Amino acid sequence: MAIAIVINDEGIVTPIVEGTVLRIIEKDGTAEDHRNPALDLTEGRRGATLRKAIELGATKFVAPPATFCELSYEKAQQEQVKFINITANQTFSQVAQQIKSGAISASANLPADEVVSSAPVTI
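Small disclaimer: the values here were computed from a predicted structure and weren't measured.

**A word on the pattern of salt bridges**
Pairing of side chains with opposite charge becomes possible as their charged atoms draw close.
Line of reasoning, step 1. Applying the stated criterion to the full structure yields 3 salt bridges.
Line of reasoning, step 2. Linking Asp33 and Arg23 is a salt bridge whose minimum nitrogen-to-oxygen distance equals 2.6 Å. Here Asp33, found in strand β3 (residues 31-35), pairs with Arg23, found in strand β2 (residues 21-25); they are 10 residues apart in sequence, far enough to count as distant.
Line of reasoning, step 3. Measuring nitrogen to oxygen at the nearest pair gives 3.1 Å for the salt bridge that ties Lys75 to Glu79.
Line of reasoning, step 4. Residue classification places Lys75 among the partly exposed residues on the basis of a relative accessible area of 36%.
Line of reasoning, step 5. Of the residues examined, Glu79 reaches a relative accessible area of 39% and is grouped as partly exposed.

Here it is in structure tokens:
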């Protein structure tokens, strides 16, 4: 029942493709940091980070807006990953405290407007 969270070098929780660190928080509160696999890819970035999180035992994923695209969101749901929906620009310590206190919790769905399109934007 681990929680996956992506953070940047400043400790801000970011969408899945923006942060440098994929942190896995175990039920006992211990955390392990991994390089975000999205950094090394040009395609399938969200899916790669999601797969890595699942491989590391994550069953929940902290999700600020634009964390998942349609394809990665669908895959996460198929894998029965739950989502901890948060607002943008929060620090890891803020989110960790909210989780610990029960102020935020996991859900099976994200708001539709926070899931981005899988297709490239064309003008």
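**A closer look at the pairing of strand β1 (residues 2-7)**
Line of reasoning, step 1. By the criterion of burial, β1 is predominantly enclosed, with 6 of the 6 residues buried.
Line of reasoning, step 2. The alternating pattern of β1 places Ala2, Ala4 and Val6 on one face and Ile3, Ile5 and Ile7 on the opposite face, and all of these are buried.
Line of reasoning, step 3. Relative to β2, β1 is paired through 5 bridges, and the arrangement is antiparallel. Paired with Ile7 across the two strands is Val21, which belongs to β2.

**Points about the side chain of Arg23**
Line of reasoning, step 1. According to the relative accessible area criterion, Arg23 is buried, its value standing at 15%.
Line of reasoning, step 2. A distance of 2.6 Å separates the side chain of Arg23 from the side chain of Asp33, its partner in a polar contact.
Line of reasoning, step 3. The residues touching Arg23, leaving out its near neighbours within four places in the chain, are Ile3, Ala4, Ile5, Ile7, Ala31, Glu32, Asp33 and Phe92.

**Quick look at the pairing of β3**
Line of reasoning, step 1. Here 5 bridges tie β2 to β3, and the two strands are oriented antiparallel to one another. Bridge pairing in β3 places Arg23 opposite Asp33.
Line of reasoning, step 2. Counting the residues in the hairpin turn of β2 and β3 gives 5 residues, including Gly29, whose phi is positive at 95°.

**Describing the packing of helix α1 (residues 45-55) against helix α2 (residues 70-78)**
Line of reasoning, step 1. The N-to-C vectors of α1 and α2 enclose an angle of 20°; their axes lie 8 Å apart at closest approach. As the angle between them shows, α1 and α2 are arranged roughly parallel. Once α1 is placed against α2, the crossing between them reads as right-handed. Every residue of α2 that contacts α1 at Arg46, Gly47 and Leu50 is listed here: Ser72, Lys75 and Ala76.
Line of reasoning, step 2. For the contact of α1 with α2, the residue count by class is 2 nonpolar, 2 polar and 2 charged.

**With respect to the sheet that holds β2**
Line of reasoning, step 1. Reading across from one edge, β3-β2-β1-β4-β5 is the order of the 5 strands in this open sheet, with mixed pairing throughout. Each edge of the open sheet is held by one strand with a lone partner, namely β3 and β5 (82-85). Neighbour-to-neighbour, the strand axes of the sheet open up by a mean angle of 25°, direction not taken into account.
Line of reasoning, step 2. For strand β4 (residues 58-63) and β5, the ladder comprises 4 bridges, and the chain directions are parallel. In the strand pairing of β5, Ala63 is matched with Asn85.

Thresholds, definitions, all that
Residues numbered from 1 in each chain as written. Predicted model: local features only at pLDDT ≥ 70, side-chain atom pairs only at ≥ 80, totals over all residues. Heavy atoms only, no water. Salt bridge = Lys/Arg side-chain N within 4 Å of Asp/Glu carboxyl O. Helix = DSSP H or I, 4+ residues; strand = E, 2+ residues; numbered from the N terminus. Buried < 20%, exposed > 50% of the residue type's maximum accessible area, 1.4 Å probe, protein only. Pairing = 2+ DSSP bridges. Polar contact = N/O pair within 3.5 Å; in protein donor to acceptor, adjacent residues only side chain to side chain. Contact = heavy atoms within 4.5 Å. Axes fitted to C-alpha atoms, helices over the stretch in contact; angles between N-to-C directions. Parallel < 35°, antiparallel > 145°, perpendicular 65-115°, else oblique. Left-handed = near helix turned anticlockwise from the far one by under 90°. Nonpolar A, V, L, I, M, F, W, Y, C, P; charged D, E, K, R; others polar.

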